Amino acid sequence: MANDDPLEARVIARVQDGDAEAYDTLVSKYLPRVVAIAWGVVRNAHDAEDLAQEAFVRAYQNIGRFRLSEALERTSDPFGPWIGRIVLNLALDVLKHRRKFRHEELAGAEPAARRDDADVMAVSNDIGTRIDAAIEELPEMQRLVARLHLVEEMEHAEIADLTGLSEGTVRSHLSHARAKLKEKLADLYD
Amino acid sequence: MTDDEKFFERLRGDAASLRYRAGDATLARIRTRIHDRIAFGPTTAMPTTAMPSIAELLASWFRPLAAGLAAIALAAAIGLTINTNDSAFGEEKVEIVMGGDTYLVDD
């Protein structure tokens, strides 16, 4: 979510001082990305929408605990990794819950009433369909890391920050994922 | 750039198109719901930096006090138990049965 914004720290400080209106700035800036991250994990527009909402509300409730000066040492737009972590954890909880109750949702089976025509569905062509299917077949952590790297175009450090894994572990998951993806998609770029 | 690297560069380029992009109406709806929950929600009236309530203030005073009293009571109870055991040990009588007769011997 690298997108340098020197004003962001001031906005966070205002929200920490109780200025709820200032929070809209952060919501507007990060909402599309947060919905995309949630969708990448839960693969359902309805759940992604709910998760994004929940993540922003929780972030607001806990913004007093957000250590702004510490976060600023790593990046000038510190809210991005934080809200990304919150939504990712919520989305992974949903996955665990689904697994627990053996509730498997079919791709594209989300309630139509909650979908907007302007939403761009992830898979729009044959190459995309094949890549998407290959990523989905990967084991969970490889799938998560591969999706964040390939689809969300995040770098290793960013993924490590978001997932709580070390950079080495991210590289390792990605390396395994790459090997499997190359095996499955070798004919794609001949 | 190796063949492997080229493969993944192209893969990354195509995979980027898989990103889910919520439409403007969806984003506006989520934004409104977030705003409503923050502004009017029962548990979200203020961020956690807000002043604590009177109940929270009293609890923060009484919690350590109660913990201290509980520790003193526990120490006293343990002390009493040890003392009681010591005195009971001295008063015990030993019963010896020999040839059909029973003898009681003091400590």
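Here the structure is a predicted model, which means the values were calculated and not measured. Numbering of residues begins from 1 in every chain and follows the order in which that chain's sequence is written. Written order decides the labels, with chains lettered from A and ligands numbered from 1. Local features in a predicted model are, by the rule used here, given only for residues with pLDDT of at least 70; side-chain atom pairs are given and counted only at 80 or more, and totals for whole chains, interfaces and linings are based on all residues.

### Re the overall build of chain B
Phase 1: On a plain count of helices and strands, chain B comes out with three helices and two strands.
Phase 2: Put simply, DSSP marks the helices as runs of H or I at least four residues long and the strands as runs of E at least two long, and each gets a number from the N terminus on. Secondary structure elements in chain B, listed N-terminal to C-terminal, are α-α-α-β-β.
Phase 3: The burial criterion counts other C-beta atoms lying within 10 Å of a residue's C-beta, which is placed from the backbone; the residue is buried at 20 or more, exposed at 12 or fewer, and partly exposed between these limits. Across the 107 residues in chain B, those meeting the buried criterion constitute 11%.

### Details of the overall build of chain A
Phase 1: Secondary structure summary: chain A contains nine helices and zero strands in total.
Phase 2: Traced from its N-terminal end to its C-terminal end, chain A shows the element sequence α-α-α-α-α-α-α-α-α.
Phase 3: Put simply, chain A has 190 residues, and 38% of those count as buried.
Phase 4: For chain A, the proportion of contacts with a sequence separation of at least 24, taken over those separated by at least 6, is 68%. Residues are defined as contacting one another if the C-beta atoms placed from their backbone atoms lie within 7 Å.

### What about the interface of chain A and chain B?
Phase 1: The interface is formed by 45 residues belonging to chain A together with 33 residues belonging to chain B.
Phase 2: Looking at the side of chain A that touches chain B element by element, the count peaks at 10 residues for helix α2 (residues 23-42) of chain A.
Phase 3: Amino acids are sorted into nonpolar (Ala, Val, Leu, Ile, Met, Phe, Trp, Tyr, Cys and Pro), charged (Asp, Glu, Lys and Arg) and polar (every other residue, Gly among them). For the side of chain A that touches chain B, the residue count by class is 25 nonpolar, 10 polar and 10 charged.

### Let's talk about helix α5 (residues 79-100) of chain A
Residues and elements named next belong to chain A.
Phase 1: For α5, built from 22 residues, the straight-helix expectation of 32 Å at 1.5 Å per residue is met to within 8% by its first-to-last C-alpha distance of 32 Å.
Phase 2: Turning to α5, its buried residues are F79, G80, P81, W82, I83, G84, I86, V87, L88 and A91.
Phase 3: For α5, the elements touching its buried residues are α1 (7-16), α2, α3 (45-61), α4 (68-74) and α8 (156-163). Given the number of residues in a helix, its expected span is that number minus one, multiplied by 1.5 Å.

### Some words on unusual backbone geometry
Residues other than glycine predominantly adopt negative phi, and peptide bonds predominantly adopt the trans conformation.
Residue and element names in this part refer to chain A.
Phase 1: For R43, which is not a glycine, the phi torsion comes out positive at approximately 55°.
Phase 2: Within the fold, R43 resides in the loop between α2 and α3.
Phase 3: R43 sits in the buried class, given 21 other C-beta atoms within 10 Å.
Phase 4: At E153, a position not held by glycine, the phi torsion is positive, near 55°.
Phase 5: Of note, E153 is situated in the loop between α7 (140-151) and α8.

### Remarks on the nonpolar core
Residue and element names in this part refer to chain A.
Phase 1: By definition, a nonpolar core groups buried Ala, Val, Leu, Ile, Met, Phe, Trp, Tyr and Cys residues that connect through C-beta atoms lying within 7 Å of each other. Judged by nonpolar contacts, the single largest core of 58 residues is most densely connected at V34, V35, A38, A52, I83 and V87.
Phase 2: By residue number, the principal contributor to this core is α2, which donates 13 residues.
Phase 3: The split into domains, and so the bounds of each, comes from an automatic or database assignment of domains. Counting the residues that make up this core, at least three belong to each of domain 1 (1-113) and domain 2 (123-190).
Phase 4: Leaving out residues up to four positions away in the same chain, V34 has contacts with A52, A55, I83 and V87.

### A word on the packing of helix α6 (residues 126-136) of chain A against helix α9 (residues 167-185) of chain A
Residue and element names in this part refer to chain A.
Phase 1: Convention adopted: a line fitted to C-alpha atoms gives each axis, helices being fitted over their contacting stretch, and angles between N-to-C directions are expressed from 0 to 180 degrees. Relative orientation of the contacting elements α6 and α9 amounts to 140°, with a least axis distance of 10 Å. The angle between α6 and α9 places the two elements in the oblique class. Judged by the sense of rotation from one axis to the other, the crossing of α6 with α9 is right-handed. Contacts from R130, I131 and A134 of α6 reach α9 at L181, K184 and L185.
Phase 2: Of the residues belonging to the contact of α6 with α9, the class tally is four nonpolar, no polar and two charged. In this scheme, roughly parallel covers angles under 35 degrees and roughly antiparallel covers those over 145, while 65 to 115 is roughly perpendicular and the rest are oblique. In a left-handed crossing the near helix is turned counterclockwise from the far helix by less than a right angle, and in a right-handed crossing that turn is clockwise.

### Some details on the confidence of the model for chain A
Residues and elements named next belong to chain A.
Phase 1: As a per-residue quantity, pLDDT reports the predictor's confidence and falls between 0 and 100. Overall, the predicted model of chain A reaches an average pLDDT of 84, with 85% of residues at or above 70.
Phase 2: Averaged pLDDT values over the elements of chain A bottom out at 74 in α4 and peak at 95 in α3.
Phase 3: Every residue in residues 110-115 is under pLDDT 50, and counting partners more than four places away or in other chains gives nine contacts.

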